[in-house]
Amino acid sequence: MKLQDELPLDHHLASVYRWGAAFCGVVLLVFGVLGFADELSPFNTNGDSIAGMSTNGALSLISVAVGVILIAGAVVGGNVASTLNMTVGTLFLLSGFVHIFILDRPANILDFGMTNVVFSFVMGLVILTFGMYGRVSSKLPHDNPYWQRRHPHEAARESLARSGPAPQGALPAGPGHGGRHLTGADSPAKRRHGQPS
């Protein structure tokens, strides 16, 4: 897999990456803004909750920042949105795993609860899926631009096959014909019989 492969701007996959990043970004932005609206303390761990999840000022700030980054990626679109989705999705999954081990411990400065952990896993998988869609697979369709960039020779052969066979009256140019295509009138057999070319 090569993440530097380019995606045509008008390809339908660009819309998937764009809308996926925008949707997840808005969800996180709303969650963070609601935390700010409640004027939560930065590192309060008293169990203040928003939308059924415990939170504090620090977690609200992180949610707003990540939400804005995802929305910015959606505006840019294309490979940027796809790569950003995969990166943020992976970070959410890692955050879920980390907080499983620090629940009810002093290291849990973001006041994560089990609901937050589940949300982190779900949101991470959703964002990651949006980023990987049509890009990361061992069996991409051959009209996929990422597959074509990774298999240029095979893609070229398939493109030639789709364009159809060469005209029947034309022969492929050989090294002794100066790069010209020989038609039936130019054939050596007719020249030997004195027929005009």
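Since we're looking at a predicted model, the values are computed, not measured.

A look at the overall build of the protein chain
- Within the protein chain, the secondary structure is distributed over 7 helices and 2 strands.
- Helices (α) and strands (β) of the protein chain occur, in sequence order from the N terminus, as α-β-β-α-α-α-α-α-α.
- A total of 197 residues make up the protein chain; the buried ones form 37% of that total.
- In the protein chain, of all internal contacts separated by at least 6 residues, the share reaching a separation of at least 24 is 65%.

What to know about the environment of Phe112
- With respect to the helices and strands, the residue Phe112 is situated in the loop between helix H3 (78–102) and helix H4 (114–132).
- Setting aside residues up to four positions removed in sequence, Phe112 forms contacts with Ser54, Leu59, Ser95, His99, Leu103, Val117 and Ser120.

A look at the environment of Leu125
- Mapping Leu125 onto the fold places it in helix H4.
- A sequence separation of 35 residues divides Leu125 from Thr90, and the C-alpha atoms of the two residues are 8.0 Å apart.

Remarks on the packing of helix H2 (residues 57–76) against H3
- Two elements in contact, H2 and H3, have axes separated by 7 Å at closest approach and are oriented at 155°. Taken together, the axes of H2 and H3 are roughly antiparallel relative to one another. Crossing of H2 over H3 shows left-handed handedness. Of H3, the residues touching H2 (which contributes Val66, Ile69, Leu70, Gly73 and Val76) are Gly78, Val80, Ala81, Leu84, Asn85, Val88 and Phe92.
- Of the residues belonging to the contact of H2 with H3, the class tally is 9 nonpolar, 3 polar and no charged.

Here's the deal with H3
- Between its terminal C-alpha atoms H3 stretches 37 Å, which fits the 36 Å expected from 25 residues at 1.5 Å a residue.
- Asp104, located one to two residues past H3, shows a positive phi value of around 60°.

Thoughts on a nonpolar patch on the surface
- On the surface, a nonpolar cluster with roughly 440 Å² of combined accessible area is contributed by Phe23, Met114, Val118, Val122 and Val126.
- If one sorts the elements of the nonpolar patch by residue count, H4 sits on top with 4 residues.
- With a relative accessible area of 30%, Val126 lands in the partly exposed category.

Comments concerning the packing of H3 against H4
- Where H3 meets H4, the axes come as close as 7 Å, and the angle between the chain directions of the two elements is 160°. Comparing their axes, H4 and H3 come out roughly antiparallel. Classified by chirality, the crossing of H4 by H3 is left-handed.
- Here the residues of the contact of H3 with H4 are counted per class, giving 15 nonpolar, 10 polar and no charged.

Structural notes on unusual backbone geometry
- A positive phi is found at Ala51, a non-glycine position, where the angle reads about 55°.
- One can find Ala51 in the loop between strand S1 (49–50) and strand S2 (53–54).
- On the accessibility criterion, Ala51 (68% relative accessible area) is exposed.
- The phi dihedral of Asp104 is positive, around 60°, even though this residue is not glycine.
- Relative to the helices and strands, Asp104 resides in the loop between H3 and H4.

Details of the nonpolar core
- Counting 9 residues, the largest nonpolar core is built from Phe31, Ile50, Met53, Ala58, Leu59, Leu103, Leu110, Phe112 and Val117.
- Once you skip the residues sitting within four places of it in the chain, Ile50 turns out to touch Phe31, Leu34, Gly35, Asp38 and Thr55.
- Membership of the second largest hydrophobic core comes to 8 residues, among which are Leu28, Leu70, Phe92 and Ile127.

Some remarks on the confidence of the model for the protein chain
- Per-residue confidence for the protein chain gives a mean pLDDT of 75, with 61% of residues at or over 70.
- The weakest mean pLDDT in the protein chain belongs to helix H7 (residues 188–192) at 49; the strongest belongs to H2 at 93.
- Contacts from residues 1–5, a stretch scored under 50 in pLDDT, to residues over four places away or in other chains number 13 contacts.
- Note that pLDDT drops below 50 for residues 175–190; the model gives that stretch 22 contacts with residues more than four away or on any other chain.

The rules behind each value
- For every chain, the first residue of the written sequence is number 1, and numbering continues from 1 along that sequence.
- pLDDT decides what is reported in this predicted model: residues at 70 or higher carry local features, side-chain atom pairs at 80 or more are listed and counted, and totals for whole chains, interfaces and linings draw on all residues regardless.
- Side-chain metrics in this entry use all non-hydrogen atoms of the structure; hydrogen atoms and water are not considered.
- What counts as a helix is a DSSP run of H or I of at least four residues, what counts as a strand is a run of E of at least two, and both are numbered from the N terminus.
- Exposure is judged per residue with a 1.4 Å probe applied to protein chains only, and the accessible area is read against the type maximum: over 50% gives exposed, under 20% gives buried, and values in between give partly exposed.
- Contacts are assigned to residue pairs that have any heavy atoms within 4.5 Å of one another.
- Axis lines are fitted through C-alpha atoms, for helices just across the contact stretch, and the angle between N-to-C directions can take any value from 0 to 180 degrees.
- Oblique is the label for every angle not falling under 35 degrees (roughly parallel), over 145 degrees (roughly antiparallel), or within 65 to 115 degrees (roughly perpendicular).
- Handedness of a helix crossing follows the sense of rotation of the near helix relative to the far helix, less than a right angle counterclockwise being left-handed and clockwise being right-handed.
- Charged residues are taken to be Asp, Glu, Lys and Arg, nonpolar residues to be Ala, Val, Leu, Ile, Met, Phe, Trp, Tyr, Cys and Pro, and polar residues to be all remaining types, Gly included.
- Any helix carries an expected span of 1.5 Å times its number of residues minus one.
- By definition, no residue in a patch forms a salt bridge, and every one has over 30% relative accessible area; like charges are joined within 9 Å, nonpolar side chains (Val, Leu, Ile, Met, Phe, Trp, Tyr) within 5 Å.
- For every accessible area listed, the method is Shrake-Rupley and the probe measures 1.4 Å; residues are considered covered only by the protein chains on display.
- Only one rule defines a salt bridge in this text: a Lys or Arg side-chain nitrogen within 4 Å of an Asp or Glu carboxyl oxygen.
- In this text, buried Ala, Val, Leu, Ile, Met, Phe, Trp, Tyr and Cys residues form a nonpolar core when linked through side-chain atoms within 4.5 Å.
- Each residue carries a pLDDT value, the predictor's own confidence for that position, ranging from 0 to 100.

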